[in-house]
Amino acid sequence: MKKQLISLIHQKLAPLMAGYGIQEFDFIDVQVPPDRSKGDFSMNAAMKLAKAAKCPPIKLAQEMLAILNEEKSWFSKVEIAGPGFINMYLHDDVISANFNQISALPDLGLKGGQQNETTVIDYSSVNIAKQMHVGHLRSTIIGDVLARVIEALGNRVIRQNHLGDWGLPMAMVLFKAVPILRKAERENVPAENLLPLSRLEELYKEATAECKNDEETAKQCHELLVRLQQGDPQLLSDWKKITRISMIEVYRIYRLLDVKLNEENECGESFYRDMLAETVKEIEKSGKLVESQGARCVFLDEFVSKEGNPLPVIVQKSDGAFNYGTFDLAALRYRTHRLKAHRIVYVTDARQVLHFKQVFATARICGILADETVALEHVPFGSILGEDNKPLKTRSGENVKLSELLDEAIDKAFQVVTEKNAGLTEEYRHEVAKMVGIGAVKYADLSQNRNNDYVFSFDRMLALNGNTAPYLQYAHARICSIFRKAGIDPGNFVEKARVSAAAERDLMVKILEFTQTVEQVAAELRPHILCNYLYELATAFSTFYDRCPVLAAESEELKTSRLALCNTTRKTLAKGLELLGITAPREM
RNA sequence: GCGCUUGUAGCUCAAUUGGAUAGAGCAACGGACUUCGGAUCCGUAGGUUGAGGGUUCGAAUCCUUCCAGGCGCGCCA
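Fair warning: this is a prediction, and the values are worked out from it, not measured in the lab.

A. Looking closely at the overall build of chain A. Looking only at helices and strands, chain A features 21 helices and 12 strands. Its C-alpha atoms put chain A at 85 × 70 × 40 Å along the principal axes. Sorting the 588 residues of chain A into buried and exposed places 41% on the buried side. A sequence separation of at least 24 residues applies to 74% of the contacts in chain A between residues at least 6 apart.

B. Spotlight on the sheet that holds strand β3 (residues 85–90). If you walk across this open sheet you meet the 3 strands as β1-β3-β2, and the pairing is antiparallel. Of all strands in the sheet, those bounded by a partner on one side alone are β1 (41–43) and β2 (75–81). Strand-to-strand twist of the sheet, defined as the mean angle between neighbouring strand axes without regard to direction, takes the value 20°. Pairing between β2 and β3: 6 bridges, direction antiparallel. If you follow E79 over to β3, its bridge partner there is N87. Each of β2 and β3 touches helix α3 (residues 57–68); the most contacted strand, β2, lies at about 175° to it.

C. Quick peek at the packing of helix α15 (residues 426–446) against helix α17 (residues 469–486). Packing of α15 against α17 leaves a shortest axis separation of 8 Å and a crossing angle of 130°. By the angle between their directions, the pair α15 and α17 is classed as oblique. When α15 is examined against α17, the residues M435, V436, G439, A440 and Y443 are found in contact with a partner set consisting of A469, P470 and Q473. Grouping the amino acids of the contact of α15 with α17 by side-chain chemistry returns 6 nonpolar, 2 polar and no charged.

D. Highlighting the domain arrangement of chain A. Along its sequence, chain A is carved into domain 1 (2–90), domain 2 (267–381) and domain 3 (407–579). Taking only C-alpha atoms, the centre of domain 1 and the centre of domain 3 are 35 Å apart.

E. Summary view of the pairing of strand β4 (residues 118–122). Within β4, 4 of the 5 residues are buried, which leaves it mostly tucked inside the rest of the structure. Pairing between β4 and strand β5 (residues 156–160): 5 bridges, direction parallel. Bridging across to β5, V120 finds its partner in I158. Read from β4 through helix α5 (residues 134–152) to β5, the crossover connection turns out right-handed.

F. Region of the structure containing the environment of S270. Mapping S270 onto the fold places it in the loop between α10 (233–257) and α11 (276–285). Here S270 falls in the buried class, since 22 other C-beta atoms lie within 10 Å of it. Taking the C-alpha atoms as reference points, S270 and V126, 144 residues apart in sequence, are found 13 Å from one another. Not counting the four nearest positions on each side in its chain, S270 is found in contact with D165 and W166.

Rules used throughout
Residues numbered from 1 in each chain as written. Chains lettered and ligands numbered in written order. Predicted model: local features only at pLDDT ≥ 70, side-chain atom pairs only at ≥ 80, totals over all residues. Helix = DSSP H or I, 4+ residues; strand = E, 2+ residues; numbered from the N terminus. Buried ≥ 20, exposed ≤ 12 C-beta atoms within 10 Å, placed from the backbone. Contact = placed C-beta atoms within 7 Å. Pairing = 2+ DSSP bridges. Axes fitted to C-alpha atoms, helices over the stretch in contact; angles between N-to-C directions. Parallel < 35°, antiparallel > 145°, perpendicular 65-115°, else oblique. Nonpolar A, V, L, I, M, F, W, Y, C, P; charged D, E, K, R; others polar. Domains from an automatic or database assignment. Right-handed = clockwise from strand over helix to strand, strands pointing away.

Written as structure tokens, this is what we have:
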């Protein structure tokens, strides 16, 4: 609706603006005023243009007003407010008509924009031989939402799980694990029996400790890494075994979280192993490669070290091994040349901002990218903190395992569901507890501006009111309940609605904002915008629900109209939650 | 030291990227049910947007100087 309105205004005002010598029309935009009493939309173009048109904003606004006032089919009223805002009030029929049009579309009009870009999203990026812990949560769920959102708007999305499987940590695990693998072979027992993921993680910790205290061990690990990266067949086979053992557990968590990552999305560091040398050669060709203290680097003037010297990006270490910057550069090459990405999005924590700035700058300077117009976007996010305002850890100082955290959320949700709705079967309560518990954890994370750190609190995220997942799920369940009571299948309900009360109108207007909200999330890569929207939608519904009886409406027509409104609200809520990777139960 | 980032109601967070009287939830107080799920709705109160200065029709948002927290800065990822 907003787009149509903008194009209408554009068309109407073009001659006037041409008279002022203004041909560019980007300035024509409308926004929802802060206060409903100021109309459905407002426009500040008069103020923005006053300078270019050399005309006082009020005069310009008056001239615009005169033209817009002729448009009787859309506006019931247009008026000037403040220093030159133009406030527009739409006819109820316009709202209803737009609403019915959107309602009839299978995807609520999400694909209407036809974006058709290829976007690569790099997220989750778990490490091999490490159990998933809270540190992996944000990248995994934020990335998953961004992928769903961009995909839903009609783009091709390629999800990439950039596994940490080819660096020094991997070498340290191998250093400890190889003897155990040999033992397993001698005794003819499956490797995973002797080396479950938890054991692998212990080995990694032991190795780190040993390397710290013993230079000889550290040296051996570095050598082992070089051998692995050079393709030692036995090491490769061991490496593969460990990777698979590790990923089985990761996929169990992905399924629990309802995150859309599979084996086909695995494109870890090791994937680029044969492209690393090539990538360095490519950099060498650009003339930017410099040898420094035995390492091969690219120096970037815009980044300065502690001592005030230009900061290097190391592309090849002095021992010949490659490190993470090279993996990222090789990945950029692959993603632009082979995957033909128009946009590449990296979802990692905020500590890596400098790293990605350097990688992006290096790629551009050294001509690594197939297409210079490709958008490279780092999506940083803050940390998850404990009640003590420090990064969340267990009492003993360990990382909190994701698996345990999620189980606890589900347990707590089960208690709440049982308390609130003991009438449901136990089996169904368990199902709902999963949707509510996981939904709460995800929503608590997603609903906040990702820049900030946040304090993890089960109590707050499982609260039944306020901006939480259970509140949204509850609104959805109430709508389903109406249809159940009426004996109508909402999936086949195709009636139309029209405005007869203020609460209905407000709800319709809110629903009409859905597509533009999703588009905004895709553009800004900030899921909390969608959360805020859904919360407002659920609130608008709750108000409507309180004031407008549906099944007991005064007339059959009114009942049908309100059912139609309920149904589209239900679809919008469910779709919005689905984009957030959250399931909305029919009963809870 | 340099760089990035954050600071908004007692608490947890928003604010359409420079727009109108800075909005929600929790907590507090007061209302609403012989109706569809009260896990609800409506209202009251609560603010020098960390502090100062600047830019302009207009600043939480941009520039600048401070204050306070978090993070990063050559062979870990």
